[in-house]
Amino acid sequence: MMMKVELKTWAGLGLATALAGAGLSGCTSGAETDGEVAETAQTGENGEGGEGGEGGEGGVSITGAAKDPIVYNSALAVAEAHAIAARDAFAVGRTDAAAEMFAHPVSEVLVEMDPVFAERGVEDFKDLFAQASDAILDGEGAEAVSARYDAIIAALRGAAERAPEDGTSDAIIAAGVASDMIDRASSMYRVAVNTERYEPYLDGYGFYKAAERSFEANSTIIASEDEELHALLTEALELLAQAYPGAEPLAALDADQEALNSASARVELRVFGG
């Protein structure tokens with residue numbers, strides 16, 4: 001199906017015009033999740049390719065997602081991160097970027113995840129993202145956009161209920177998802193400080209907020225299972241809060257990248273070992 005958003009936004013938003021998958025092209029990734037090498041890597045936006053090379057966007061192992069609850073839920077978190085970024089960018093008046101963020105997850109993750117979702121009985125919800133993007137471009141107001149965001153989050157929560165099980169505890173699943181999002185946020189910050197483009201910062205902001213949500217929703221059970229892991233996650237998220245204080249970047253992106261990278265690595269090591 002030729003989505004309306006393609007016709008209205010590709011040129012204006014600076015997205016790649018080479019359409020892939022279901023007729024969309026988005027961001028890239030070289031990210032790995034729990035040792036699973038990304039199977040969805042594409043070429044970078046606007047010919048840059050830098051975001052994916054930094055391990056930022058997309059990059060979810062589809063074979064891993066079919067059996068591993070951390071990988072499966074990380075795929076959902078990537079989509080949620082973009083929805084959060086879109087909602088918050090819209091709130092600060094960045095309407096084009098908001099429309100772009102709502103559109104991205106379709107090609108980056110959801111098209112590739114279709115077989116996994118179908119196998120697990122998850123109803124297709126890709127159109128919710130495209131419709132939210134179109135709504136912004138059609139001039140819908142804050143209340144309508146918020147309602148579309150809520151519908152996306154509800155669909156993601158429903159999909160999460162059908163995640164595969166492999167004996168991993170809920171605490172470690174949540175921590176693993178947060179770790180993945182923290183790594184992506186840290187990687188995107190490295191990109192953001194070296195470009196004048198807004199999108200890398202906004203991507204990283206969304207990943208940070210998705211990590212924060214996974215942690216805060218499960219903080220008690222993470223602490224009860226592993227106090228050190230809880231402390232490491234808290235430290236990493238505090239550093240990211242300084243790097244990403246809001247959807248609108250600070251005039252100077254001068255957060256301590258070495259500290260961010262180290263905190264992210266410590267979380268990953270605690271969750272996954274190595």
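All figures in this text were calculated on a predicted structure; none of them were measured in a lab.

Undergrad: Any chance you could explain the packing of aromatic side chains here in plain terms?
TA: A ring pair, where both rings are aromatic, is described by two values, the distance of the centres and the angle of the planes. In total, this model carries six aromatic pairs according to the counting rule given. Between the aromatic rings of Y72 and F117, the centroid separation amounts to 6.0 Å while the plane-to-plane angle is 90°, which identifies the pairing as edge-to-face. On the criterion of sequence distance, the pair formed by Y72 in helix α4 (residues 69-91) and F117 in helix α5 (residues 95-119) is long-range, its members being 45 residues apart. What makes F117 buried here is its relative accessible area of 5%.

Undergrad: Explain the environment of M188 here, please?
TA: Structurally, M188 is set in helix α8 (residues 170-192). Residues M188 and G204 lie 16 residues apart in sequence; the distance between their C-alpha atoms is 5.0 Å.

Undergrad: For this particular structure, what's the right way to read the pattern of salt bridges?
TA: Side chains bearing opposite charge may pair, as long as their charged atoms lie close to each other. A full pass over the atoms with the stated rule returns 13 salt bridges. Each of E80, R157 and R213 takes part in one network of salt bridges that share partners.

Undergrad: When you look at α5 in this model, what are you seeing that I'm missing?
TA: What sets the pattern is the α-helix's 3.6 residues per turn: residues three or four places apart point alike. Its 25 residues give α5 an end-to-end C-alpha distance of 36 Å, which sits within 8% of 36 Å, the value for a rise of 1.5 Å per residue. Considering bend angle alone, the principal kink of α5 is centred on L110 and spans about 50°. Extensive coverage of α5 is indicated by the burial of 18 of its 25 residues. Just downstream of α5, G121 is the residue with a positive phi angle, here 75°.

Undergrad: Any chance you could explain the packing of helix α6 (residues 126-137) against helix α7 (residues 142-160) here in plain terms?
TA: Helix-helix packing is characterised by the crossing angle of the two axes and by the distance between the axes. Packing of α6 against α7 leaves a shortest axis separation of 10 Å and a crossing angle of 170°. As summarised for this structure, α6 and α7 are arranged roughly antiparallel, according to the angle between their axes. Within the contact between the two elements, α6 uses L128, F129, Q131, A132, A135 and I136 and α7 uses V145, R148, A151, I152 and A155. Class assignment for the residues of the contact of α6 with α7 results in nine nonpolar, one polar and one charged.

Undergrad: Mind showing me how you'd approach α8 here?
TA: Taking 1.5 Å as the rise per residue, α8 with 23 residues should run 33 Å; its terminal C-alpha atoms sit 33 Å apart, in good agreement. Across the 23 residues that make up α8, a large majority, 20, are buried.

Undergrad: Quick question: what am I supposed to make of the nonpolar core here?
TA: One recurring pattern in soluble globular proteins is that nonpolar side chains are buried together. The biggest cluster of nonpolar side chains holds 81 residues, and the ones touching the most others in it are Y72, F125 and Y244. Here this core gets 15 residues from one element, more than from any other, and that element is α4. Filtering out sequence-adjacent residues up to four positions away, Y244 remains in contact with A185, M188, Y189, Y201, G204, Y205 and Y208.

Undergrad: What am I meant to see in the environment of R190 here?
TA: You can see R190 is positioned in helix α8. Relative accessible area serves as the criterion here: at 25%, R190 is assigned to the partly exposed category.

Undergrad: Please clarify how the packing of α4 against helix α9 (residues 199-217) should be interpreted in this entry.
TA: Two elements in contact, α4 and α9, have axes separated by 8 Å at closest approach and are oriented at 115°. Note on packing geometry: the crossing formed by α4 with α9 is right-handed. Within the contact between the two elements, α4 uses A77, V78, E80, A81, H82, I84, A85, D88 and A89 and α9 uses L202, D203, Y205, G206, F207, K209, A210 and R213. When the residues that make up the contact of α4 with α9 are grouped by side-chain class, the tally is 10 nonpolar, two polar and five charged.

Undergrad: Looking at this structure, how should I read the environment of N218?
TA: Its location among the elements puts N218 in the loop between α9 and α10 (219-225). Along the backbone, N218 and A175 are 43 residues apart, and their C-alpha atoms lie at a distance of 8.2 Å. Reaching out from N218, the side chain makes a polar contact with the backbone oxygen of S214 at a distance of 2.8 Å.

Undergrad: It is not clear to me how a negative patch on the surface should be interpreted in this structure. Could you clarify?
TA: Residues E165, D166, D170 and E225 make up a contiguous surface patch of negative charge. Its place among the elements puts D166 in the loop between α7 and α8. D166 gets classed as partly exposed once you look at its relative accessible area, which sits at 43%.

Undergrad: How should the confidence of the model for the chain be read in this particular structure?
TA: Should the pLDDT be low somewhere, the predicted coordinates at that spot are not to be read in detail. Averaged over the chain, the pLDDT score is 83; the fraction of residues at 70 or greater is 78%. Between residues 1-26, whose pLDDT stays under 50, and residues either more than four places distant or in other chains, the model counts 53 contacts. Predicted confidence for residues 28-57 stays below pLDDT 50, and this span has 97 contacts to residues more than four positions away or in other chains.

About the cut-offs
Once a new chain begins, its residue numbering starts again from 1 and follows that chain's sequence as written. In keeping with the predicted nature of the model, local features appear solely for residues at pLDDT of at least 70, side-chain atom pairs appear and are counted solely at 80 or more, and the whole-chain, interface and lining totals rest on all residues. The basis for the side-chain values is all heavy atoms of the structure; hydrogens and waters are excluded. The rule is short: rings of Phe, Tyr and Trp, with Trp giving its six-membered ring, pair when the centres are within 6.5 Å, and they are stacked under 30 degrees, edge-to-face over 60, tilted in between. Each helix corresponds to a stretch of at least 4 residues labelled H or I by DSSP, and each strand to a stretch of at least 2 residues labelled E; elements are numbered beginning at the N terminus. Remark: exposure states derive from per-residue accessible area (1.4 Å probe, protein chains only) relative to the maximum for the residue type, with buried under 20%, exposed over 50%, and partly exposed in between. Here a salt bridge means any side-chain nitrogen of Lys or Arg lying within 4 Å of a carboxyl oxygen belonging to Asp or Glu. How far a helix is expected to stretch is found by multiplying one less than its residue total by 1.5 Å. The quantity called bend is, for any residue, the angle between two axes fitted respectively to the seven residues ending at it and the seven beginning at it. Note on geometry: axes are lines fitted to C-alpha atoms, helical ones only across the stretch in contact, with angles between N-to-C directions running from 0 to 180 degrees. Here roughly perpendicular refers to angles of 65 to 115 degrees, roughly parallel to angles under 35, roughly antiparallel to angles over 145, and oblique to all remaining angles. In what follows, residue pairs with any heavy atoms lying within 4.5 Å of each other are defined as contacts. Under the grouping applied here, Gly and all other residues not named as nonpolar or charged are polar, the nonpolar ones being Ala, Val, Leu, Ile, Met, Phe, Trp, Tyr, Cys and Pro and the charged ones Asp, Glu, Lys and Arg. Each nonpolar core is a collection of buried residues, namely Ala, Val, Leu, Ile, Met, Phe, Trp, Tyr and Cys, held together in the definition by side-chain atoms within 4.5 Å. A clockwise turn of the near helix away from the far one marks a right-handed crossing, whereas an anticlockwise turn of less than a right angle marks a left-handed crossing. Pairs of N or O atoms within 3.5 Å make up the polar contacts considered here, provided that, within protein, one atom can donate a hydrogen while the other can accept it, and that residues adjacent in sequence are counted only when both atoms are side-chain atoms. Like-charged residues within 9 Å of one another, or nonpolar side chains (Val, Leu, Ile, Met, Phe, Trp, Tyr) within 5 Å, are grouped into patches, provided each residue has over 30% relative accessible area and no salt bridge. Computed with the Shrake-Rupley method and a 1.4 Å probe, the accessible areas treat only the protein chains shown as cover for residues. Under the convention used here, Asp and Glu are negative, Lys and Arg are positive, and both His and the chain ends fall outside the count. Just so you know, the charge point we use is NZ for Lys, CZ for Arg, CG for Asp and CD for Glu. Note: pLDDT gives the predictor's confidence per residue, expressed from 0 to 100.

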